[in-house]
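One letter stands for each residue in the lines below.
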Amino acid sequence: MGRWICCLCSRVADPLMLLLVLALSCSPFTAATTSPSVPHVKPSYSFGRTFLGLDKCNACIGTSICKKFFKEEIRFDTWLSSHLKLPPSYLLSYSGNYTDDAKSWRLVDITRLTSKYQHDRADKRICTSLLKTKTCSLERALRRTQRFQKWLRAKRLTPDLVQGLSSPMLRCPSQRLLDRIVRRYAEVPDAGSIYMDHLTDRDKLRLLYTLAVNSHPILLQIFPDVEGWPFPRYLGSCGRLVVSASTQPLRDFYSAAPEVAADLALQLLAVLRSMGTNDLNYFFYFTHVDAGTFGVFSNGHLFIRDASTLGIIDKEEGSQLIDGQQEHKDIFSCLTVDCQSAFVSCDSIREKHSLVMVCQELLPKLLKGKFLQPVQEKIDSFLQHCASGLTDDQGVNEAIAKLAEILKPLRSCDSRFAYRYPDCKYSDKY
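Residues numbered from 1 in each chain as written. Predicted model: local features only at pLDDT ≥ 70, side-chain atom pairs only at ≥ 80, totals over all residues. Heavy atoms only, no water.

(A) Focus on the overall build of the protein. Of regular secondary structure, the protein possesses 17 helices and ten strands. Counted over contacts in the protein with a minimum sequence separation of 6, partners at least 24 positions apart contribute 67%. Of the roughly 21800 Å² that the protein leaves accessible, carbon and sulfur atoms contribute 54%. (Helix = DSSP H or I, 4+ residues; strand = E, 2+ residues; numbered from the N terminus. Contact = heavy atoms within 4.5 Å. Areas by Shrake-Rupley, 256 points an atom, 1.4 Å probe, with all protein chains shown as cover.)

(B) Structural context of the sheet that holds strand 8 (residues 294–296). Sheet architecture is open: three strands sit in the order 6-8-9, paired in antiparallel fashion. The outermost strands of the open sheet, each flanked by one partner alone, are strand 6 (248–249) and strand 9 (302–304). Strand direction decides the pairing type here: strand 8 and strand 9, joined by three bridges, are antiparallel. Its bridge partner being in strand 9, Phe-294 is matched across the sheet by Ile-304. Of the strands in this sheet, strand 8 and strand 9 are in contact with helix 13 (residues 258–276), which crosses strand 9 at around 40°. (Pairing = 2+ DSSP bridges. Axes fitted to C-alpha atoms, helices over the stretch in contact; angles between N-to-C directions.)

(C) Layout of the nonpolar core. Grouped together as the largest cluster of nonpolar side chains are 96 residues, with contacts concentrated most on Met-169, Phe-223, Phe-294 and Leu-363. Ranked by residues supplied to this core, first place goes to helix 13 with eleven residues. Discounting chain neighbours no more than four positions away, the residues touching Phe-223 are Leu-177, Arg-180, Trp-229, Phe-231, Leu-280, Tyr-282, Phe-284 and Ile-312. Judged by nonpolar contacts, the second largest core, of 16 residues, contains Tyr-98, Val-108, Leu-235 and Val-243. (Core = buried A, V, L, I, M, F, W, Y, C linked by side-chain atoms within 4.5 Å. Buried < 20%, exposed > 50% of the residue type's maximum accessible area, 1.4 Å probe, protein only.)

(D) Quick look at the packing of helix 14 (residues 353–361) against helix 16 (residues 375–387). Put simply, helix 14 and helix 16 touch, their axes get as near as 8 Å, and they point 130° apart. Classed by the angle they form, the pair helix 14 and helix 16 counts as oblique. Two packed elements cross with a definite hand, and for helix 14 against helix 16 that hand is left-handed. For the pair formed by helix 14 and helix 16, the contact residues are Leu-355, Val-356, Cys-359 and Gln-360 on the first element and Leu-383, Cys-386 and Ala-387 on the second. Across the contact of helix 14 with helix 16, the residue classes tally to six nonpolar, one polar and no charged. (Parallel < 35°, antiparallel > 145°, perpendicular 65-115°, else oblique. Left-handed = near helix turned anticlockwise from the far one by under 90°. Nonpolar A, V, L, I, M, F, W, Y, C, P; charged D, E, K, R; others polar.)

(E) Up close: the sheet that holds strand 2 (residues 93–99). Strand order in the open sheet formed by five strands is 1-2-3-5-4, and the pairing between neighbours is antiparallel. Every interior strand has two partners, whereas the edge strands, strand 1 (74–76) and strand 4 (234–238), have only one. Going across the sheet, the axis of each strand differs from the next one's by a mean of 30°, ignoring polarity. Taken together, the five bridges between strand 3 (residues 105–112) and strand 5 (residues 241–245) define a ladder with antiparallel strand orientation. Across the sheet, residue Ile-110 finds its bridge partner in strand 5, namely Val-243.

(F) Structural context of the state of the cysteines. Counting across every chain of the model gives six disulfides. The partner cysteine of Cys-172 in its disulfide is Cys-346, sulfur to sulfur 2.1 Å. Judged by the sign of its S-S torsion, about -110°, the bond between Cys-172 and Cys-346 is left-handed. Placement of the pair is Cys-172 in the loop between helix 9 (159–162) and helix 10 (175–184) and Cys-346 in the loop between strand 10 (310–314) and helix 14, with a sequence separation of 174 residues. (Disulfide = S-S within 2.5 Å.)

(G) Geometry of unusual backbone geometry. The omega torsion of the bond from Cys-57 to Asn-58 falls at 20°, within 30 degrees of zero and hence cis. Following Gln-373, the chain continues to Pro-374 via a peptide bond in cis, the omega torsion being 5°. Here Pro-374 lies in the loop between helix 15 (363–367) and helix 16. Here Lys-132, not a glycine, exhibits a phi torsion of approximately 60°, which is positive.

What is shown is where atoms sit, not what they do.
Okay, here's the thing in structure tokens:
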């Protein structure tokens, strides 16, 4: 259009008029002058590599979700404020928001495998014990270790490569379990192979470091929620931060209404049963439980929120690591625990182990004073019988069965329990 006007002007106007028309109509800056555009300045989120732990890679968990952080598709709750500041680095966990389309957001948990203080202390221990210095390249120091050199040469992850690691998951390892770890390790492209050919040296160090520090993210990867396992979904890692689906800790429900408490108690017992008896013949047991071990999704569904204290015994293959071998310890055995800590014998774990701990630590706090007599008295009696049943397997099972029988009619069927509503209206299962 501009060219047409210019051509027309050149034919019909005198020289002065032509110059005026050219100045107004043919200049490419005319639109900008009449309708100025203000460039959009995007807020700058200052991400420190130290905060994420990227400065410690490859002695870290992974980098699979770093792009989400830097593209601001993962945001801490504090980022919703006008100051756009990162939260304090000393916290163990953070509440965050996650998006795939920049329109809809969902809550996520952003956690460290240990506190920053414990991480820093472990880093110092690596330097002082391996290189006799206060600071060092963690990756260079760990690469020199005998254990990692064995990992570099290995084609397959075998029990001798993980012996002495403090993770409860690896105290009684089977080859079948270790193959599952390699095949489903989510920080690398899925190769579907039990052999470690698809793992680079960097990948092997990250996997070993994760297993040595805290096996929680590995359990979420190899037993995913989409297959029915009671764990929150693993979304990825960046440096020393892990991102997973958000759950509200069980401690927040200690003052819940009686019908909610009854529902959560029944779910808790069902989770423990499934961890003891499942199609894959793995027996899961807890070495410790507290109010943060379990969590509840917004739909009322209860999950294992913290899997760091879960041990696994393979009922199909059994342990391929004899107790004598577990005494072999090195720097990887000491990253989060005292090197003198004694290992629990695989033969000493009983099937009622987790039930007794839950009856001692969690169910009394969840169910205390919630119901009218004589129902409350019966509940308290069965809990006490279960909690003191270390030498009576049959007694524990009977107490739990009677407790479940009492609790089942005490829960309600309404929209607060979205994970089973409206199914509960039409099924005797609930």
